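# Tertiary structure, described
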Amino acid sequence: MTPVAETITSTDVDQLSINTIRTLSIDAVQQAKSGHPGTPMALAPLVYTIWNRVMRFDPQDPLWPNRDRFVLSNGHASMLLWSVLHLTRTQAVNGEYEKLGHASVTLDDIRRFRQLDSKAPGHPEYHWVSGVETTTGPLGQGVATTVGMAIAEKWLANRYNRPGFPIFDYKIYAVSGDGCMMEGISSEAASLAGHLGLDNLCWVYDNNRITIEGHTNIAFSEDVAMRFLAYGWHVLRVSDANDIERIQHSLEKFGNNTGSPTLIVLDSHIGYGSPHKQDTAEAHGEPLGDEEVRLTKRAYGWPEDAKFLVPDGVYEHFEDGIGTRGANARQKWTQLFEAYRAQYPELAAEIDQMQRRELPNGWDRNLPVFPADPKGIAGREASAKALNVLAQNIPWFLGGSADLGPSNKTLLTYEGAGHFQANSPGGKNLHFGIREHSMGATLNGLALSKLRPYGATFFIFSDYERPAIRLSALMELPTIFVFTHDAMGDGEDGPTHQPVEHLASLRAIPGLVTLRPGDANEVVEAYRYIMQLRHQPAVLVLSRQPLPTLDRTKYAAATGVSRGAYVLADTPGGDPEVILIASGSEVSVAVDAHEKLVAEGIRSRVVSMPSWDIFEHQTQQYRDSVLPPNVAARIAIEQASTFGWERYVGAKGRVIGMTTFGASAPLKELQRKFGFEPARVTAIAKELLGRK
C-alpha cells in the first residue's frame, strides 16, 4: 500500500474505495494492452454497494453454503470482480474445498491481468478463481445461470428449512449489460424466472447505451423495463450509477419484495470520468491510453502517475464492511447448522454429502435389469425407468424437459415427485418450457448450487443448448443432458429433425462425456457411470424407437459401458478377422451381421462403443485388447456423420454413416436407403477380407 495524496485522504472513504476499483481496472487494462475499462469505471459504485453494504458473503469462506451469490454476466468487465475480490481479501479454496491460506486474487495477479496463469483472466472463470460463482463471458449466459441458482435456493429451502432453522435463505445478484439484454437466452431465462416468481433473484441492468459498434440506438430501441414488467418482474430504476444511496435503497427494496424477481435499471456512463472517452464505444473494448489515463485519474482526484494504488484505509474499510458482516452471518449460520444437525441429523448429513458432490449410500439400488427381448425397449423408455429409481434414491437429483417430457420420457412419475412451480417449490419435475438455450444455463446454475440436475430435449435441439453445454464442460460441472430421438427414428419428421453432425460436434467438446447406449441395459449402465462423475458433464443420447435387448448370457455384460467400448460379441479361436464397431441403435445391426459372418466361418468381433471419451481414457493395453492393432479390417456403423471414425477404423477400414442429411420416410425405408442393414455390413466385411 502507498499513502495517497492529501486530496484523496480527505475524500469520503466510500468514494475512495470506489475510485480504487476504477483505477485498478484502468491500470490493469492499460498494462495488459487489452480489456474493457469502461464498464468497471461506470459500475464501480454499484459493485462496491452490493459487496460492501448489502451482500452476505464471507471473504474468509467463499464456499459457505448460505452465502449470497454474485454473478458478473457482462464478464468482459471482469476487472470489477478481480478488484473487489482483491480488496475484500477473499481467500482461495482448492478443488477439495480446502482453504489454502492465501488470497484468491493478489495485487500481482491484477498487475498481470489477462496474462498466463494470472488469477485475473480476461473473463470470470469458475474453478480457476475462488469467489467466482460461474464462468461468464458469452453474453446472457450469466443471468440465465442465475435462474438455476434461484430455483436451487427455493428447492433447498423447501426441503431442508424447518421452523426456527432458515438453513437456506440466500439471494442472487447479477450484473448485466446491453449485450445480455439483447441475447435471446436472457429473454428465455427472464420469462421462466417471472413465471416461477423467483423473488430471491435480482438482475441489475447497466443501461449505458453503448456497445462495440457505437450507440445502442443503431440496433436496440425497445423498452427493457416494460419487457420485464410483461415477464412479471418487479422493476426499479436508478437514474445515476454514482448514487450509492439510491442503489442501496433499490437493493433493499429487492430484499423486501416477494412474489417476483427484481430488475434494477441502472443508468450509467461507460468510461465515467474519462474526459474524451466517456459515453463512447472506445471506452468499451480497448485501453484508454496513457494520456487519457492520467486525465481520468486527475478527474477522480487521484495521483496521476500512481499505478495499482490501494490507498491506506481501503482494505480496512472492506474488512469493516463485508468482512465483518459476512463473518458474523456465517458464524451465526454455522451455529444454527450445528443445532440443526443435532435435531435433524439425517437432513444435515444430506446437506454435507450434497456440498461435497457425494452420493448417498444405496444410490443405485433397484436400478432395473432388462431381460433379453428381440422386440426390446426404446432407449428413452429404459431411461425413464432409471430416472425414476435414481430420483427416489438421491434426494437432490431432479430435472425436466424443454416441454418434451412425454416424448423424452423424463417425467418423474413416482408418488410425491411433484412439479416445481411458484407455489410448490419442492417439486422434482422441472418444466423449462420451449427454452432449450436457457434450460442448459439453468441446469448449470442448479449444478453450481450442488444439486444433480438433468435436462432433456430432442437430440437435434442440442444445437440450441450447445453454448451452455460447452460452459458446463469448461466449469467441470456434473450436469446431465439427456437427448432422445437420436438419429433416424423420427422417420417421417425428416431431415430437420434427424441429427447428423451432432454426435461429432459434442464429442469434440473437451471434458464432455458423450454416451450413446445400444440397448436398455447399456442405458442403465450409462446412468450408473454418469452419476459417479463429480467434475464432468455428460450427454446421454437415446433412441426413440425400441432396440432389441441383448441376451447378456450370450453376449458380454453391459457393465462394459464404464470403459467406453468393450467386446460385446466374439468368435473363439484366435484374433478376429474383422471388427464391427457400433453405437446406439446400430449395435443390434452389428450383432446381426456378426451372427451371419460367424455362420459363414468368418471370425467376427462386435465392439459396442457408446463413448469415445471414456474409451480414450482407458489404458493403451485395454484399448488394444478391444481393437487389436493387427486387425485392419474394421467397419464402424453409426447413423451420424462419419467425421472422426477414421481414428478407429484406420486407413483400410470403412464407415457406414451419413455423408448427407436424412429424408422424410418411415424408419425401415431410411435404413434401407442409407445402408444401415446387416446385409450391407456383411457385404463390406467380405469385401475387406477379399471374400465373395
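## With respect to the overall build of the protein chain
Looking only at helices and strands, the protein chain features 26 helices and 22 strands. Taken against the 2.2 N^0.38 rule, which gives 26 Å for 692 residues, the C-alpha radius of gyration of the protein chain at 28 Å falls within 12% of a compact globule. With respect to the three principal axes, the spread of C-alpha positions in the protein chain is 95 × 60 × 45 Å. Here the protein chain, with 692 residues, has 62% of them falling under the buried criterion. Nonlocal contacts in the protein chain, meaning residues at least 24 apart in sequence, comprise 76% of its contacts between residues at least 6 apart. Surface summary for the protein chain: the accessible area is close to 25,500 Å², and the carbon and sulfur share equals 50%. Placing the 66 positive and 79 negative side-chain charges of the protein chain at their respective mean positions leaves the two points 5 Å apart.

## Here's the deal with the sheet that holds strand β9 (residues 262-267)
Strand pairs in the sheet, formed through backbone hydrogen bonds, run parallel or antiparallel to each other. If you walk across this open sheet you meet the five strands as β1-β4-β5-β9-β8, and the pairing is parallel. Only two strands of the sheet have a single partner each, and these edge strands are β1 (69-72) and β8 (234-238). Taken over all neighbouring pairs, the strand axes of this sheet differ in orientation by 15 degrees on average, direction set aside. Bridging between strand β5 (residues 201-207) and β9 involves six bridges; their strand directions are parallel. Looking at the pairing, Trp203 lines up with Leu263 of β9.

## Points about the side chain of Gln545
Within the fold, Gln545 resides in the loop between β16 (538-541) and β17 (546-549). With relative accessibility at 11%, the residue Gln545 sits in the buried group. If we skip the residues at most four places from it in the chain, Gln545 touches Ala378, Gly379, Gly489, Ser585 and Leu667.

## Side note on the packing of helix α17 (residues 436-448) against helix α18 (residues 462-475)
Where α17 contacts α18, the axes come no closer than 6 Å and their chain directions differ by 20 degrees. Taken as axis vectors, α17 and α18 run roughly parallel relative to one another. Note on packing geometry: the crossing formed by α17 with α18 is right-handed. Within the contact between the two elements, α17 uses Glu436, His437, Met439, Gly440, Ala441, Leu443, Asn444 and Leu448 and α18 uses Tyr464, Glu465, Pro467, Ala468, Leu471, Ser472 and Met475. Each residue belonging to the contact of α17 with α18 can be placed in one class, and the counts come to nine nonpolar, four polar and two charged.

## A few points about the packing of aromatic side chains
Enumeration over the complete set of coordinates arrives at 24 aromatic pairs. Here the aromatic residues Phe165, Trp333, Phe337, Tyr340 and Tyr344 are joined through ring pairs into a cluster of three or more. Seen from the ring of Tyr315, Arg89 lies directly overhead, with NZ or CZ sitting 4.4 Å from the centre.

## Looking at the nonpolar core
Core analysis: the biggest nonpolar cluster contains 156 residues, and Tyr160, Trp203 and Leu580 have the highest contact counts within it. If one sorts the elements of this core by residue count, helix α6 (residues 141-160) sits on top with eleven residues. Core analysis: the next-biggest nonpolar cluster, separate from the first, contains 61 residues, Leu85, Ala120, Leu266 and Phe318 among them.

## Quick look at helix α4 (residues 78-87)
Within α4, ten of the ten residues are buried, leaving the element largely enclosed by the surrounding structure. Here α4 has its buried residues at Ser78, Met79, Leu80, Leu81, Trp82, Ser83, Val84, Leu85, His86 and Leu87. Tucked inside the fold, the buried residues of α4 contact α2 (13-32), α3 (38-54), β1, α5 (107-111) and α13 (314-343). Two residues or fewer after α4 comes Arg89, characterised by a positive phi angle close to 55 degrees.

## Topic: the state of the cysteines
Taken as a whole and judged by the stated rule, the model has zero disulfides. Free of any disulfide, Cys180 has its nearest cysteine sulfur in Cys202, 14 Å distant.

## Some remarks on the side chain of Gln30
For Gln30, the location among the structural elements is in helix α2. On the basis of relative accessibility, which here comes to 17%, the residue Gln30 falls in the buried class. In this structure Gln30 touches Pro287, Leu288, Gly289, Asp290 and Val293, once residues within four positions along its chain are discounted.

## Details of the environment of Ala557
On the secondary structure map, Ala557 appears in the loop between β17 and β18 (566-569). Classification of Ala557 as partly exposed rests on a relative accessible area of 43%. Sequence separation between Ala557 and Thr410 is 147 residues, and the spatial gap between their C-alpha atoms is 26 Å. Those residues in contact with Ala557 that sit more than four places away from it in its chain are Arg552 and Tyr566.

## What about a negative patch on the surface?
Taken together, the side chains of Asp312, Glu316, Glu319 and Asp320 present a region of like negative charge at the surface. Mapped onto the elements of the fold, Asp320 is located in helix α13. Looking at Asp320, the relative accessible area reads 59%, which means it is exposed.

## Description of the confidence of the model for the protein chain
Scored by pLDDT, the protein chain comes out at a mean of 96, with 98% of its residues at no less than 70. Contacts of residues 1-10 to residues separated by more than four positions or lying in other chains number 20 contacts, the stretch itself having pLDDT below 50.

## Some thoughts on the pattern of salt bridges
Applying the stated criterion to the full structure yields 33 salt bridges. Between Asp463 and Arg466 there is a salt bridge, with its nearest N and O atoms 2.7 Å apart. Residue Asp463 and its partner Arg466 are both found in helix α18; the two are separated by three residues, about one turn of the helix. Relative accessible area serves as the criterion here: at 38%, Asp463 is assigned to the partly exposed category. Glu616 is the salt-bridge partner of Arg623, the closest N and O atoms lying 3.5 Å from each other. Salt bridges here are not isolated pairs; linked through shared partners, they connect Asp14, Arg53 and Glu245.

## Concerning the pairing of β8
A regular strand places its side chains so that they alternate between the two faces of the sheet. Taken together, the five bridges between β8 and β9 define a ladder with parallel strand orientation. Note on β9: the bridge partner recorded for Arg237 is Val265. Between the parallel elements β8 and β9, the chain passes through helix α10 (residues 244-256) in a crossover that is right-handed.

## Points about the sheet that holds strand β20 (residues 604-608)
Strand order in the open sheet formed by five strands is β18-β20-β19-β21-β22, and the pairing between neighbours is mixed. The two strands at the open ends of the sheet, each matched to only one other strand, are β18 and β22 (654-658). With direction set aside, neighbouring strand axes in the sheet form an average angle of 25 degrees. When strand β19 (residues 578-582) meets β20, the two strands line up parallel, connected through five bridges. The residue bridging Ala582 from the neighbouring strand is Ser608, located in β20.

Rules used in this analysis
- Residues numbered from 1 in each chain as written.
- Predicted model: local features only at pLDDT ≥ 70, side-chain atom pairs only at ≥ 80, totals over all residues.
- Heavy atoms only, no water.
- Helix = DSSP H or I, 4+ residues; strand = E, 2+ residues; numbered from the N terminus.
- Rg over C-alpha atoms; globule rule 2.2 N^0.38 Å.
- Buried < 20%, exposed > 50% of the residue type's maximum accessible area, 1.4 Å probe, protein only.
- Contact = heavy atoms within 4.5 Å.
- Areas by Shrake-Rupley, 256 points an atom, 1.4 Å probe, with all protein chains shown as cover.
- Lys, Arg positive; Asp, Glu negative; His and termini not counted.
- Charge placed at Lys NZ, Arg CZ, Asp CG, Glu CD.
- Pairing = 2+ DSSP bridges.
- Axes fitted to C-alpha atoms, helices over the stretch in contact; angles between N-to-C directions.
- Parallel < 35°, antiparallel > 145°, perpendicular 65-115°, else oblique.
- Left-handed = near helix turned anticlockwise from the far one by under 90°.
- Nonpolar A, V, L, I, M, F, W, Y, C, P; charged D, E, K, R; others polar.
- Phe/Tyr/Trp six-rings, centres within 6.5 Å; stacked < 30°, edge-to-face > 60°.
- Lys NZ or Arg CZ within 6 Å of the ring centre and 35° of its normal.
- Core = buried A, V, L, I, M, F, W, Y, C linked by side-chain atoms within 4.5 Å.
- Disulfide = S-S within 2.5 Å.
- Patch = residues over 30% accessible without salt bridge, like charges linked within 9 Å, V, L, I, M, F, W, Y side chains within 5 Å.
- Salt bridge = Lys/Arg side-chain N within 4 Å of Asp/Glu carboxyl O.
- pLDDT = per-residue confidence, 0-100.
- Right-handed = clockwise from strand over helix to strand, strands pointing away.

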